[in-house]
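Chain residues, written in single-letter form:
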Amino acid sequence: MRNILLALCLSLCLVLPATALAADLALSVPLPLTGGQAKFGEIIKKSMEIATEEINAKGGVKGGKLVLRFEDSQGKPEIARSIAEKIIDVQKQPLLFGEYTSACAKAVAAVAEERKTPYVVVASAADEITQQNYKYVYRINPTNAYYASGLLSFMDKVVKPKTMVILYESSDFGTSGAEEMAKSAEKAGIKVLMKEKYEKGAVDFKPVLSQVKAQNPDVIYMVSYVMDAALLMRQIKELRIDARLFAGGAAGFAIPEFIDNAKDAAEFVVTATLWSPQVSYPGARDFAEKYKAAHGDYPSYHGALAYSSVYVVKDAVERAKALTTEDINAAMKGVDMMTAFGPVKFESRDGYQNQNFIDTLALQVLHGKHETIWPERYASAKPVFPLPKWRERK
């Protein structure tokens, strides 16, 4: 009987396909799926789903399917932290990736470092996330200090401003973005006449915008999420505040909803961005077209980051000796790949640890859609400058 059972087991191993013996890789991903940042969470989720579908169609990860489960942090750091603790302590997941706001990413990063579990930051920009000497935290997107490098180059070569006003949301992202722009402006010889923060969800910017109008700056630079970005530009138009350049610090200015909500007030606005569908990175155009076919609009840089992050995780897991936190962490340090977002390699330099460095871009709203205008090697259209004054626009 024993010999018969042994023969039966061997025959089953020969008959069953290898994929039937491989375990699926199930990963939980914290994201803001409700609340004020849900729009960004949805972009990230949809993009990750496209990548997961592609990966599974080509054999999955180590022969098993990749399964993503999304957990709603509501954009609240305390909830993001509790989700991360559950993922590590209860689900025994050997790595983390996801989140959107810098505050939530900082909360997850702290948990990951405490538990010695690798965490891939997908789209959170506060500089300090990768300035803590963390050994288990990796970031794909550039930090706030580098967000506006493409935009600053455009201003230096084309706009040549002498003065600037900075308006920003009082979040981690808004505050750090405003501070970095103020430092960069000072280095470039641009005088910052005013740096004013506001609480997110404000409905009347006219008092502060009246102060801006009195300053008559060359550049009005804004760091805002989508609804605030659109409202700022609509009220700038209402007050007929003219400037040589209206500029956004990515985020709310760099997604299609900004144009949808700001309408014609969005025209000619220039924004920093980390990526655009027009870049020539391998797979970028295919991803952008798949996203548009499925969801109606081209994705923002958040989508490209999210899509690429799934491939980064796949790469590290497949190179890891085993599905343990230490083995995956060692594999993360060896990531060196081209993605639809661009090259990804985690480096420790300039005060950052495990940080990816990449060129950033500038977009301009032209004829009701975002076009890449800078650097010129990535441009899909020539910039419109100088801007027409409000009274000259039809």
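Now for a description of the structure that goes with this document. These numbers come from a predicted model, not from an experiment.

Quick look at the overall build of the protein now. In terms of regular secondary structure, the protein is built from 14 helices and 16 strands. Compactness check: the protein gives a C-alpha radius of gyration of 23 Å against a globular reference of 21 Å for 394 residues, within 12% of the reference. Seen through its C-alpha atoms, the protein measures out along the principal axes to roughly 95 × 40 × 35 Å. For the protein, the residues scored as buried account for 54% of the 394 residues in total. For the protein, contacts bridging at least 24 residues in sequence account for 68% of all contacts bridging at least 6. Carbon and sulfur atoms make up 53% of the accessible area of the protein, which amounts to about 17,000 Å² in all. Taking the average place of the 49 positive charges on the side chains of the protein and the average place of its 46 negative ones, the gap between the two points comes to 2 Å.

What follows is about empty space enclosed by the protein. Here the structure, examined in full by the defined rule, presents 3 cavities of 30 Å³ or more. Space inside the largest cavity adds up to approximately 80 Å³. Every residue along the wall of the largest cavity is listed here: Asn144, Ala145, Tyr147, Ala148, Leu152, Gly177, Glu180, Met181, Ser184, Tyr221 and Gly249. Elements that contribute at least two residues to the lining of the largest cavity include exactly helix H6 (144–147) and helix H8 (172–187). The element best represented in the lining of the largest cavity is H8, accounting for 4 residues. Grouping the constituent residues of the lining of the largest cavity by class yields 6 nonpolar, 4 polar and 1 charged. In this structure, the second largest cavity spans a volume of roughly 50 Å³. As for the second largest cavity, its lining consists of Tyr100, Thr101, Ser102, Ala123, Ser124, Ala125, Tyr147, Phe173, Tyr225, Tyr301 and His302. Here the residues of the lining of the second largest cavity are counted per class, giving 7 nonpolar, 4 polar and no charged.

Note on placement: histidine 302 falls in helix H13 (residues 301–319). Classification of histidine 302 as buried rests on a relative accessible area of 0%. What histidine 302 contacts, discounting residues up to four positions off in sequence, is Phe40, Ile43, Ile44, Tyr100, Ala251 and Ile255.

What follows deals with the packing of aromatic side chains. Counting across every chain of the model gives 19 aromatic pairs. Summarising the aromatic geometry, the rings of phenylalanine 253 and phenylalanine 258 are spaced 5.1 Å apart at their centres and angled 55° between planes, so their arrangement reads as tilted. Considered together, phenylalanine 253 and phenylalanine 258 belong to a single accessibility category, that of buried residues. Following the ring pairs from residue to residue traces out a cluster consisting of Phe40, Tyr100, Tyr147, Phe173, Tyr225 and Tyr301.

Cut-offs and rules
Residues numbered from 1 in each chain as written. Predicted model: local features only at pLDDT ≥ 70, side-chain atom pairs only at ≥ 80, totals over all residues. Heavy atoms only, no water. Helix = DSSP H or I, 4+ residues; strand = E, 2+ residues; numbered from the N terminus. Rg over C-alpha atoms; globule rule 2.2 N^0.38 Å. Buried < 20%, exposed > 50% of the residue type's maximum accessible area, 1.4 Å probe, protein only. Contact = heavy atoms within 4.5 Å. Areas by Shrake-Rupley, 256 points an atom, 1.4 Å probe, with all protein chains shown as cover. Lys, Arg positive; Asp, Glu negative; His and termini not counted. Charge placed at Lys NZ, Arg CZ, Asp CG, Glu CD. 1 Å grid on protein atoms, 1.4 Å probe; cavity = no way out; pocket = protein on both sides within 12 Å on 5 of 7 lines; lining within 4 Å. Points joined across faces, edges and corners; volume = space filled by probe spheres on them. Nonpolar A, V, L, I, M, F, W, Y, C, P; charged D, E, K, R; others polar. Phe/Tyr/Trp six-rings, centres within 6.5 Å; stacked < 30°, edge-to-face > 60°.

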